[in-house]
Amino acid sequence: MSRGSGGGYDRHITIFSPEGRLYQVEYAFKAVKAAGVTSIGVRGKDSVCVVTQKKVPDKLLDQTSVTLLFPITKYLGLLATGITADARALVQQARNEAAEFRFRYGYEMPVDVLARWIADKSQVYTQHAYMRPLGVVAMILGIDEEKGPQLFKCDPAGHFFGHKATSAGGKEQEAINFLEKKMKNDPEFTYEETVQTAISALQSVLQEDFKASEIEVGVVRKEDQVFKVLSTDEIDEHLTAISERD
Amino acid sequence: MGDSQYSFSLTTFSPSGKLVQIEHALTAVGSGQTSLGIKASNGVVIATEKKLPSILVDEASVQKIQTLTPNIGVVYSGMGPDSRVLVRKSRKQAEQYYRLYKEPIPVTQLVRETATVMQEFTQSGGVRPFGVSLLVAGYDDKGPQLYQVDPSGSYFSWKASAMGKNVSNAKTFLEKRYTEEMELDDAVHTAILTLKEGFEGQISGKNIEIGMIGNDRIFKVLSPSEVEDYLQEAE
């Protein structure tokens, strides 16, 4: 067996390439971009908001079943960008883990603990040959008891960071440039500002105005702690507010 | 470890007798952010660059220097996710040692066990080596100690060492500045100056991390403001 010197296998399974890179992990990132959907997350003073495009590929599909925004527990939400099937598998495991945590320790799983668990699982897939990395970037949002609103992003390489604002998917870099300008002086956004920043970032990057049915919006707010997916009417209100503001 | 379909080692000898996967792992380490450690006469200091991918990242959520036991700390260069696995395993091994012997684990023992884990991943089926090198700093009955562990699982005790991107310049700098009688505060200043050598951009308390342990045998990671104080003294 001619393994160990790359021999072409460094592209098939997660072993090191001669430059010290993991090609399978890099390809997983490409899969996230190729999904053609961009997502944005913004953290405000007492709320977090995530927005993603809702691309329904066929008119015959039941739109309510097309979603990338999943509640993990009552208080934690997860926005998946990338391969939908991988996202569902990840969400299922995350829900199980969060429920077990609550049972075992008697309190709700904090945001950063869930993010770390997902990231550690992703790391295992980058080191063991028998499982490929998942083609999903996950944004986790929730209100932490001590630290307040939290937004974490976990990627196929196993990295995870807390973010003031972030993006994932096809137009990730453009969105991050847009958000860096907005967040430069550490503004403390109110709930409305948080949601509107997220939505207008997506609009600006994709250069189109949305209808409420074309995007999904998820929020957590300090005042009620619960993860909520906004209804089309609520999204409409925000869209109107943005267009009136401009 | 791993599925039966992959119960053969992925790290195998090349015709020239080299383990190429380990060499590639070392390349991955060499492209990681610079980190270094210095053993002083009365303590050890470890430090690293903390360059984050964007200003949008909440730097308070990231800590590269980790505590393994109250008197042992570790920093890495290379792939962050891999380092988390090793930190977790090391912490567990330290606890298991304490449960068995009712004594805190000596630094050499913990280093040896961590290195063993890293070596296993170069020989077991279906896994790749870790893409990190670790600098372990501790203070036990044998005094202050600094160890470097590589992806191959080999480890050495160092008076001062560096890893990652700027390793050759950093090591040359350290060789010139190191003295055996150096005290902990001097070591911290030297560490800062060494990091400054290869640093791109403006160094501050927010884009480096410093951990130290002294005669009190408590490993602590300095807060950004404490780092700023040392930075100003080193000016």
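It should be emphasised that the depicted structure is a prediction, and the values quoted were computed from it without experimental measurement.

The rules behind each value
Residues numbered from 1 in each chain as written. Chains lettered and ligands numbered in written order. Predicted model: local features only at pLDDT ≥ 70, side-chain atom pairs only at ≥ 80, totals over all residues. Heavy atoms only, no water. Helix = DSSP H or I, 4+ residues; strand = E, 2+ residues; numbered from the N terminus. Rg over C-alpha atoms; globule rule 2.2 N^0.38 Å. Buried < 20%, exposed > 50% of the residue type's maximum accessible area, 1.4 Å probe, protein only. Contact = heavy atoms within 4.5 Å. Areas by Shrake-Rupley, 256 points an atom, 1.4 Å probe, with all protein chains shown as cover. Patch = residues over 30% accessible without salt bridge, like charges linked within 9 Å, V, L, I, M, F, W, Y side chains within 5 Å. Salt bridge = Lys/Arg side-chain N within 4 Å of Asp/Glu carboxyl O. Lys, Arg positive; Asp, Glu negative; His and termini not counted. Charge placed at Lys NZ, Arg CZ, Asp CG, Glu CD. Axes fitted to C-alpha atoms, helices over the stretch in contact; angles between N-to-C directions. Parallel < 35°, antiparallel > 145°, perpendicular 65-115°, else oblique. Left-handed = near helix turned anticlockwise from the far one by under 90°. Pairing = 2+ DSSP bridges. Buried area = accessible area lost by both parts, 1.4 Å probe. Nonpolar A, V, L, I, M, F, W, Y, C, P; charged D, E, K, R; others polar.

Draft legend 1. Structural view of the overall build of chain B. Across its full length, chain B carries 6 helices and 10 strands. For 235 residues, the compact-globule estimate of 2.2 N^0.38 gives 18 Å, and the C-alpha radius of gyration of chain B, at 18 Å, lies within 12% of that figure. Taking the principal axes of the C-alpha coordinates as reference, chain B spans close to 55 × 45 × 35 Å. Taking all 235 residues of chain B together, 56% fall into the buried category. Restricting to contacts in chain B with at least 6 residues of sequence separation, those with at least 24 account for 65%. Within the structure as shown, chain B displays about 10,600 Å² of accessible surface, and the carbon and sulfur contribution to it stands at 48%.

Draft legend 2. A negative patch on the surface, seen in detail. All names here are of chain B. A grouping of E183, D185, D186, D229 and E233 is seen on the molecular surface, where their side chains present a negatively charged patch. Of all the secondary structure elements, the ones that give two or more residues to the negative patch are α5 (184-197) and α6 (224-234). Positionally, E183 belongs in the loop between α4 (167-177) and α5.

Draft legend 3. Spotlight on the packing of helix α4 (residues 172-182) of chain A against helix α5 (residues 191-206) of chain A. Residues and elements named next belong to chain A. At a minimum axis distance of 9 Å, the contact between α4 and α5 shows a crossing angle of 135 degrees. Taken as axis vectors, α4 and α5 run oblique relative to one another. When the axes of α4 and α5 are compared, the crossing they make is right-handed. Facing E174, A175, F178, L179 and K182 of α4, the residues of α5 in contact are T197, S200, A201, S204 and V205.

Draft legend 4. Expanded view of the sheet that holds strand β6 (residues 148-154) of chain A. All names here are of chain A. Pairing in this open sheet of 5 strands is antiparallel, and the strands run β3-β4-β5-β6-β7 from one edge to the other. A single partner strand is all that each edge strand has here, and the edge strands are β3 (69-71) and β7 (160-162). With direction set aside, neighbouring strand axes in the sheet form an average angle of 20 degrees. Helix α3 (residues 111-127) rests against β4 (77-82), β5 (136-144), β6 and β7 of the sheet, and its axis sits at about 160 degrees to β5.

Draft legend 5. A look at the interface of chain B and chain A. With 37 residues of chain B in contact, the opposing surface of chain A contributes 37 residues. Summed over both partners, the interface of chain B with chain A buries about 3,200 Å², with 61% contributed by carbon and sulfur atoms. Considering only the surface of chain B that becomes buried against chain A, L56(B), R84(B) and R128(B) emerge as the three largest contributors, covering 24% of it. At the boundary of chain B with chain A, the tally comes to 3 salt bridges.

Draft legend 6. Local environment of the packing of α5(A) against helix α6 (residues 232-245) of chain A. All names here are of chain A. At a minimum axis distance of 10 Å, the contact between α5 and α6 shows a crossing angle of 75 degrees. Compared by their axis directions, α5 and α6 come out roughly perpendicular. Residues Y191, V195, Q196, I199, S200 and Q203 of α5 lie in contact with α6, whose contacting residues are H238, L239, A241, I242 and R245. Classifying every residue of the contact of α5 with α6 gives 6 nonpolar, 4 polar and 1 charged.

Draft legend 7. Seen up close, the pairing of β5(A). Residues and elements named next belong to chain A. Among the 9 residues of β5, 9 are classified as buried, and the element is accordingly described as predominantly covered. The alternating pattern of β5 places V136, A138, I140, G142 and D144 and V137, M139, L141 and I143 on opposite faces, both of which are buried. In terms of strand pairing, β4 meets β5 through 6 bridges, oriented antiparallel. Paired with A80 across the bridge in β5 is A138. Relative to β6, β5 runs antiparallel, the two being bridged by 7 bridges. Bridge pairing in β6 places I143 opposite P149.

Draft legend 8. Summary view of the sheet that holds strand β8 (residues 160-163) of chain B. Residues and elements named next belong to chain B. Here we have 5 strands laid out as an open sheet, ordered β8-β1-β2-β9-β10, and antiparallel in their pairing. Sheet topology places β8 and β10 (220-221) at the edges, where each strand pairs with a single neighbour. Note that strand β1 (residues 35-40) and β8 share 4 bridges and pair antiparallel. Each residue of the ladder has a partner; that of S35, found in β8, is M163. Across the sheet, α4 touches β1 and β8, and the angle it forms with β8 is around 165 degrees.

Draft legend 9. Geometry of the pairing of strand β9 (residues 208-213) of chain B. Residue and element names in this part refer to chain B. Counting buried positions along β9 yields 6 of 6 residues, so the element is predominantly enclosed. Burial along β9 is two-sided: the residues I208, I210 and M212 and E209, G211 and I213 are all buried. Two strands pair when backbone bridges link them, and strand β2 (residues 43-49) and β9 are joined in this way by 6 bridges, in the antiparallel orientation. The partner of A47 across the bridge, within β9, is I210. Sheet topology note: the β9/β10 ladder contains 2 bridges and is antiparallel. Within β10, the position partnered with G211 by the bridge is V221.

Draft legend 10. View of the pattern of salt bridges. Within the structure shown, the criterion is met by 21 salt bridges over all chains. For the salt bridge of R88(B) with D120(A), the shortest nitrogen-to-oxygen distance reads 2.6 Å. Placement of the pair is R88(B) in helix α2 (residues 80-101) and D120(A) in helix α3, with the two residues belonging to separate chains. Taken together, the salt bridges that share partners define one network made up of E19(A), R21(A) and E26(A).

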